[in-house]
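Coordinates in review
If you want the building blocks of each chain, they are given just below.
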Amino acid sequence: MPIFDPQFFSMAVLEVRNLKKYFATQKAVDDISLSIEKGTIYGLLGPNGAGKTTLIRMITGIFFPDEGEIFLDGKKFDPLNDVIHIGYMPEERGLYKKMKIGEQALYLAQLKGLSRSEAMEKIKEWFVKLEMQSWWNKKVEDLSKGMSQKLQFVITVLHNPKLIILDEPFSGLDPVNSNLIKDEIYKLAQAGSTIIFSTHRMEQVEEICNNIALINKGKKILDGTVKDIKQEFKENLFSIGAEHLPQSLNGEAPFELVGTKNQQSVVRIKEGNKPNDVLKYLIGQGVVIHSFNEILPSLNDIFIRLVEGTPAARQFQNLSKSSN
Amino acid sequence: MRKVLLIIKREYLTRVRKKTFIITTLLFPLLYLGLIFGTGYLAEKTRANLNVGILDSSGYFTKSMLDKENQLDKSSRLTLIENKPDVKSLELDSSDYDAFIVIPPLDWQKGNNNIELLAKRSYGPEASSLVEAKLNKIWDMVKNDSLKIDAAKQEIMQTSRLGVQFINMSDPKANAKFANAIGLACGFLIYFIILIYGSQVMMGVMEEKTNRIAEVIVSSVKPFQMMLGKIIGIALVALTQFLLWIAFVFLIYNITKASGGGDSVNSLVGGVQQLITSINVPLILFCFAFYFLGGFFFYASIYGAIGSAINEDVREAQSLSFPVTMLIIIAIVMMSAAISDPTGPIAFWGSIIPFTSPIVMMARIPYGVPGTVPWWELGLSMALLIGGFIFTTWFAGKIYRTGILMYGKKPTWKELIKWAFRKS
């Protein structure tokens, strides 16, 4: 990746270089570099305790990095003045329970740097968009969990930030509200905002994100587009729906049987062969084929393979579990 | 700066608009007066009125003398036991008496300092001194009779006295009698304000941390601004409350004066006027405002740091804030020493060291500046307090920055200090 190509900088909204943050007991973020382009939905993945939140806190200016640099829009990140360009929804949601919702939104928007009238205008706009007009005089303690999540989301994106960072945005949301928020995330990305989406639930990311970075124990272990990563880590597995598939194979077969899934056989193509070779072989054997599909690994599997180095059989079990 | 103002505004308005603010503003003066007068009244009411039996072997005490004195002084009841039983055979349990006094044979010219008041249980020193005083009044009658002092002479003996009044030559306004009361009132007010509003700062910070709104806010403003905004906002609430109290007192005073009521009202108004003319009002008000704000900022930032360090558990708050509360209590103990001896070493050191100066110095100032408190002492105390609260705010800011986003185990004071001195 041409990190030091100046052309590349101008495209990246956020550029993080060799960022380090060590705490007394652990290396929370250990030399992470990232580059995130404008308008992407970027997934920051990793198990609990991987260093995602620490990384985000440095990007939002809450923590100072021990080492490394952050660039926002090609300029060095200035926590004091750049907060207006960032919207951050922490994993642990927080609002003043006893404060009226309208006043609260107004207060938090003004703290971001909006003027009172600007803030007012934006709040009204968003409240209409998400059908929250009647909430103005309610208190947060009167809202359901889903409702307060929605409010939290509005507060995060209200000031129209360039960079929106959402930490586990769907936790605790029902499918209806999840979809509502998901749609808004897509719209914001289309309108030019860049979204960093941090989670340990990999399956959500496959659906939403264009690009991802996998983080474990403070280090980035992988990044790229979801499509490329899946291609890179595919294991030449195919599922075959067929009648009378031979149960035992001789050494000439271009594939080996590794198991079954949804009443279909799963095969791995041997090195040097192509899918067509499998089909040719099976047709030659007189097998009637109904379906033939490539199985791409889920991000979850890739992650587990990378961090744990588990044997193939276990990965496969994992795969079948998560796909069922 | 705009953001700090926003935070101040929110902290101020959410508190002032609360019902509890209005209620405490109205109730506190009543409670404060109640505390002062109520305890005196209760002590009066609940004092044991002893029923004492007197076994007289001297022959000086007669039933008529005791009856006469029982009429005049009802604090206890003295009864002569006529049949003179043996002391050992006295049955306190079955008799109506709370105690007995056994009077041995006496010489009227010498008296006796070791007369015993025998009781089954302990009564306070006040109860026994009341009995003693009453017994001595009867003894006075005995002496007057023996010395042949008639009623007119007795009157002279009792009323003709010499009174001494203390005048501070370098500051004639420093009236020791009023200074004592004003100093006590000022010291206690500052004590209450630091304790009540200091813990409000602590609870406010705790609320933000446990609500998890802290992380939302620190992504917009610096933790230090957040802490400063809260402390200043709450200081303004305290100031508002205080000004309301002054207005309240002023209003009541003027209404009472205008009503032009009877003698008691006039004497009260006169008393207040005498009070006001006897002290340096502008100086006391200025110093009060200074020590009130200085003391508040000094302690509030420490309370804020504690609030940032604890999690949901209120018990953690108690154990961490205990040393701080202890310092404030030490200040109030030093204050009572400083009031009885406003130029002594406790008064001096207590009013110089910033931990105690807001309370101790404020109790000394009514005794007169520069008469009792020299200008240089006042200046040094103020400078050290300013330096002190700048230090505690800085120190607390460092703890706050780490604590506000730290969840899990309760830190100890040692760890807090480590946070404060760690480089960013």
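Residues numbered from 1 in each chain as written. Chains lettered and ligands numbered in written order. Predicted model: local features only at pLDDT ≥ 70, side-chain atom pairs only at ≥ 80, totals over all residues. Heavy atoms only, no water.

A short note on the overall build of chain A
- From N to C terminus, chain A includes 12 helices and 14 strands.
- For chain A, the spread of C-alpha atoms along the principal axes amounts to about 75 × 45 × 40 Å.
- Classification of the 324 residues of chain A by burial places 50% in the buried group.
- Per element, the accessible surface of chain A, about 15700 Å² overall, is 49% carbon and sulfur.
- Seen as two clouds, the 40 positive and the 40 negative side-chain charges of chain A have centres 4 Å apart. (Helix = DSSP H or I, 4+ residues; strand = E, 2+ residues; numbered from the N terminus. Buried < 20%, exposed > 50% of the residue type's maximum accessible area, 1.4 Å probe, protein only. Areas by Shrake-Rupley, 256 points an atom, 1.4 Å probe, with all protein chains shown as cover. Lys, Arg positive; Asp, Glu negative; His and termini not counted. Charge placed at Lys NZ, Arg CZ, Asp CG, Glu CD.)

Some thoughts on the overall build of chain B
- Summing up its helical and strand segments, chain B has 15 helices and 4 strands in all.
- Projected onto the principal axes, the alpha-carbon positions of chain B cover approximately 90 × 50 × 45 Å.
- Going through the 424 residues of chain B one by one, you find that 43% of them count as buried.
- Restricting the contact set of chain B to residue pairs at least 6 apart, pairs at least 24 apart contribute 78%.
- Put simply, chain B shows about 23000 Å² of open surface, and 65% of that area lies on carbon and sulfur atoms.
- Distance between charge centres in chain B, computed from 42 positive and 31 negative side chains, equals 16 Å. (Contact = heavy atoms within 4.5 Å.)

Side note on the sheet that holds strand β2 (residues 76–80) of chain B
All names here are of chain B.
- Within the open sheet, the 4 strands sit side by side as β2-β1-β3-β4. Their pairing is mixed. Where the open sheet ends on each side, the last strands, each with one partner, are β2 and β4 (116–119). Averaged over all adjacent pairs, the angle separating strand axes in this sheet is 25°, with direction ignored.
- Here 5 bridges tie strand β1 (residues 50–56) to β2, and the two strands are oriented parallel to one another. Its bridge partner being in β2, V52 is matched across the sheet by L78.
- Taken strand by strand, helix α3 (residues 63–72) contacts β1 and β2, and its axis lies near 170° from that of β2.
- Of the strands in this sheet, β1, β2, β3 (99–103) and β4 touch helix α4 (residues 125–147), which is tilted by about 55° from β2. (Pairing = 2+ DSSP bridges. Axes fitted to C-alpha atoms, helices over the stretch in contact; angles between N-to-C directions.)

Some remarks on the packing of aromatic side chains
- Following the criterion strictly, the structure yields 25 aromatic pairs over all chains and no others.
- With 4.9 Å between their ring centres and 10° between their planes, F238(A) and F292(A) make a pair best called stacked. Of this pair, F238(A) sits in strand β11 (residues 237–243) while F292(A) sits in strand β14 (residues 288–295), and the two are 54 residues apart along the sequence.
- Residue class for F238(A) comes out buried when judged on its relative accessible area of 6%.
- Between F61(B) and W139(B) the ring centres are 6.2 Å apart and the planes differ by 15°, which places this aromatic pair in the stacked class. Taken together, the residues F61(B) in the loop between β1 and α3 and W139(B) in helix α4 connect sequence positions 78 residues apart.
- Overall, F61(B) belongs to the buried group, its relative accessible area being 7%. (Phe/Tyr/Trp six-rings, centres within 6.5 Å; stacked < 30°, edge-to-face > 60°.)

Some remarks on the domain arrangement of chain A
All names here are of chain A.
- According to the domain assignment, chain A contains domain 1 (6–230) and domain 2 (232–323).
- Computed over C-alpha atoms, the centres of domain 1 and domain 2 are 39 Å apart.
- Of all residues in domain 1, M202, I229 and K230 bury the most surface against domain 2, accounting for 47% of the area lost on that side.
- Seen at the junction of domain 1 and domain 2, the total is 0 salt bridges.
- Across the contact surface, domain 1 and domain 2 share 7 residue pairs in polar contact (both at pLDDT 80 or more).
- Looking at which element gives the most residues to the side of domain 1 that touches domain 2, the answer is strand β9 (residues 211–216), with 4 residues.
- Here the residues of the side of domain 1 that touches domain 2 are counted per class, giving 10 nonpolar, 2 polar and 3 charged. (Domains from an automatic or database assignment. Buried area = accessible area lost by both parts, 1.4 Å probe. Salt bridge = Lys/Arg side-chain N within 4 Å of Asp/Glu carboxyl O. Polar contact = N/O pair within 3.5 Å; in protein donor to acceptor, adjacent residues only side chain to side chain. Nonpolar A, V, L, I, M, F, W, Y, C, P; charged D, E, K, R; others polar.)

Topic: the environment of E235(A)
- Along the chain, the position of E235(A) falls in the loop between α9 (226–232) and β11.
- On the basis of relative accessible area, E235(A) is assigned to the partly exposed category, the value being 22%.

Looking at the side chain of D73(B)
All names here are of chain B.
- As for its placement among the helices and strands, D73 is situated in the loop between α3 and β2.
- You can call D73 buried: its relative accessible area is 14%.
- A polar side-chain atom of D73 sits 2.9 Å from a polar atom in the side chain of S75.
- In this structure D73 touches K134 and K137, once residues within four positions along its chain are discounted.

Digging into the pattern of salt bridges
Residue and element names in this part refer to chain A.
- Tallying each qualifying case throughout the model produces 25 salt bridges over all chains.
- A salt bridge links D66 to K21, with the nearest nitrogen and oxygen atoms 3.7 Å apart. One end of the pair, D66, is in the loop between α2 (52–59) and β4 (67–72); the other, K21, is in strand β1 (residues 12–22), with 45 residues separating them in the sequence.
- Judged by its relative accessible area of 12%, K21 is buried.
- A salt bridge links D30 to K219; the nearest nitrogen and oxygen atoms lie 3.1 Å apart.

Focus on the interface of chain A and chain B
- If you look at the interface, chain A gives 27 residues, while chain B gives 21 residues.
- For the pair chain A and chain B, the two sides together bury roughly 2300 Å², of which 57% comes from carbon and sulfur.
- Per-residue buried area on chain A facing chain B is highest for Y96(A), Y107(A) and L111(A); these three make up 28% of the total on that side.
- Where chain A packs against chain B, one counts 3 salt bridges.

Here we look at the domain arrangement of chain B
- According to the domain assignment, chain B contains domain 1 (2–33 + 175–421) and domain 2 (51–159).
- Between the C-alpha centres of domain 1 of chain B and domain 2 of chain B there is a distance of 52 Å.

Focus on helix α5 (residues 116–129) of chain A
All names here are of chain A.
- A rise of 1.5 Å per residue sets the reference length of α5, with its 14 residues, at 20 Å; its end C-alpha atoms lie 20 Å apart and thus fit the reference within 8%.
- Along α5, the residues that are buried comprise A119, I123, W126 and F127. For α5, the angular spread of buried residues about the axis comes to 100°, placing them on one side. The outward face of α5, more than 90 degrees from its buried face, is lined by the exposed residues S117 and E121.
- Summarising the contacts, the buried residues of α5 are in contact with α4 (101–112), α6 (145–157) and α7 (175–190).
- Looking one or two residues beyond α5, the residue adopting positive phi is E131, at roughly 55°. (Expected span 1.5 Å × (residues − 1). Arc of directions from axis to C-beta.)

Concerning the pairing of strand β10 (residues 219–225) of chain A
- Judged from the 6 bridges that link them, β9(A) and β10(A) form a sheet pairing that is antiparallel. Counted as the bridge partner of N211(A) is T225(A) from β10(A).

Some details on the side chain of S193(A)
Residues and elements named next belong to chain A.
- Tracing the backbone shows S193 in the loop between α7 and β8 (194–199).
- Overall, the relative accessible area of 6% leaves S193 in the buried class.
- Separated by 3.2 Å, the side chain of S193 and the backbone oxygen of P161 make a polar contact.
- Once you skip the residues sitting within four places of it in the chain, S193 turns out to touch G39, T40, P161, K162, I164 and L188.

What to know about the sheet that holds strand β13 (residues 264–269) of chain A
Residues and elements named next belong to chain A.
- Taken together, the 4 strands give an open sheet; going across it, the order is β12-β13-β11-β14, and neighbouring strands pair in antiparallel fashion. Of all strands in the sheet, those bounded by a partner on one side alone are β12 (255–261) and β14. Each neighbouring strand pair of the sheet contributes to a mean axis angle of 30°, computed without reference to strand direction.
- Bridging between β12 and β13 involves 6 bridges; their strand directions are antiparallel. Its bridge partner being in β13, T260 is matched across the sheet by S265.

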